[in-house]
Amino acid sequence: MTYSWREGCPVNLDQLRLLTVDHWGFDQTVHRGEMIIHSDQAAKVLQALKRLFESGFPIEKMRLVDEYQADDDLSIAANNTSAFNCREVAGKPGVWSQHAYGRAIDINPIQNPYVSGNGKVSPPSAAAYKDRSKKEPGMILAGDSTVKAFASIGWRWGGYWSSVKDYQHFSSNGR
């Protein structure tokens, strides 16, 4: 059953592609993961993910958000790296997230939390990772190999946003 796509989504199913990729786990072994990306971004994203693999960057898990019934909070709490999910921007009813177009990826959301303008951390279990001066496995930091891998395909990082910081988020248009 598909939870992440439904009638009314801003993209049709035939515009989406399933990517199956190897990635390094936090256990330092190779795992196979899956994500769904817009067809016009699939080759580019594979290129960026290949660079992450070659650099040894660890990803805890990479599963389709359908395994979490398309519940973004459950996926994030599980530290799941994911992409497509037909959903609105949190707190902005009627505004589609870039995830709803298959043009955004969230990587290791525990190590790379969303930090609001008032300093609130989401998910709350990621509070220890608000401090970006430390370097822990799976963290994405300004100018690192992960940011460079996505920059090489024209994607931008939410860690560079000014009012909030979305350290897990990369998108093709920077939103």
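About the thresholds
Residues numbered from 1 in each chain as written. Predicted model: local features only at pLDDT ≥ 70, side-chain atom pairs only at ≥ 80, totals over all residues. Heavy atoms only, no water. Helix = DSSP H or I, 4+ residues; strand = E, 2+ residues; numbered from the N terminus. Rg over C-alpha atoms; globule rule 2.2 N^0.38 Å. Buried < 20%, exposed > 50% of the residue type's maximum accessible area, 1.4 Å probe, protein only. Lys, Arg positive; Asp, Glu negative; His and termini not counted. Charge placed at Lys NZ, Arg CZ, Asp CG, Glu CD. Core = buried A, V, L, I, M, F, W, Y, C linked by side-chain atoms within 4.5 Å. Contact = heavy atoms within 4.5 Å. Phe/Tyr/Trp six-rings, centres within 6.5 Å; stacked < 30°, edge-to-face > 60°. Lys NZ or Arg CZ within 6 Å of the ring centre and 35° of its normal. Polar contact = N/O pair within 3.5 Å; in protein donor to acceptor, adjacent residues only side chain to side chain. Pairing = 2+ DSSP bridges.

Enquirer: Looking at this structure, how should I read the overall build of the protein chain?
Expert: A tally of regular secondary structure across the protein chain gives three helices and ten strands. Taken from the N to the C terminus, the helices and strands of the protein chain come in the order β-β-α-α-β-β-β-β-β-α-β-β-β. Here the C-alpha radius of gyration of the protein chain, 15 Å, is about what a compact globule of 175 residues would show, namely 16 Å. When burial is assessed residue by residue, the protein chain has 50% of its 175 residues classed as buried. In the protein chain, which carries 20 positive and 19 negative side-chain charges, the distance between the mean positions of the two groups comes to 7 Å.

Enquirer: Sorry, what's going on with the nonpolar core here?
Expert: Side chains of nonpolar character tend, in soluble globular proteins, to be buried together. In this structure, Met35, Val45, Leu52, Ile105, Ile107, Phe150 and Phe170 are the most contacted members of the largest nonpolar core, which totals 31 residues. Each residue touching Leu52, except ones within four places of it in the same chain, is listed here: Phe57, Ile59, Ile107, Ser145, Thr146, Ala149 and Phe150. Core analysis: the next-biggest nonpolar cluster, separate from the first, contains eight residues, Trp5, Ile36, Leu64 and Cys86 among them.

Enquirer: Any chance you could explain the packing of aromatic side chains here in plain terms?
Expert: Two aromatic rings are characterised by how far apart their centres lie and by the angle between their planes. Under the criterion given, the structure shown has six aromatic pairs. Following the ring pairs from residue to residue traces out a cluster consisting of Phe150, Trp155, Trp157, Tyr160, Tyr167 and Phe170. A cation over an aromatic ring shows up here: Arg132 above the ring of Tyr167, its NZ or CZ 4.2 Å from the ring centre. Sitting above the plane of the Tyr129 ring, Lys134 keeps its charged end 5.6 Å from the centroid.

Enquirer: Before we go on, may I ask you to explain the side chain of His99 in this structure?
Expert: Within the secondary structure, His99 is located in the loop between β4 (92-96) and β5 (104-106). A distance of 3.4 Å separates polar atoms of two side chains, one belonging to His99 and the other to His169. When neighbours within four sequence positions are excluded, His99 is seen to be in contact with Ser82, Ala83, Phe84, Asn85, Arg87, Ala104, Ile105, Asp106 and His169.

Enquirer: Looking at this model, I keep getting lost on the sheet that holds β5. Mind explaining?
Expert: Consider a sheet: its strands pair through backbone hydrogen bonds, and that pairing is either parallel or antiparallel. Read from one edge to the other, the open sheet built from three strands follows the order β5-β10-β8, with strand pairing classed as antiparallel. Of all the strands in the sheet, the pair left with one neighbour each is β5 and β8 (156-157).

Enquirer: So what exactly am I meant to see when it comes to unusual backbone geometry here?
Expert: Across residues other than glycine, the phi torsion is negative in most instances, and most of the peptide bonds are trans. Geometrically, the link from Ser122 to Pro123 is a cis peptide bond, its omega value of 0° lying close to zero. On the secondary structure map, Pro123 appears in the loop between β7 (121-122) and α3 (145-151). Its identity as a non-glycine residue notwithstanding, Gln69 has a phi of 55°, on the positive side. The class of Gln69 is partly exposed, set by a relative accessible area of 45%. With a phi close to 60°, Asn79 is a non-glycine residue in the positive phi region.

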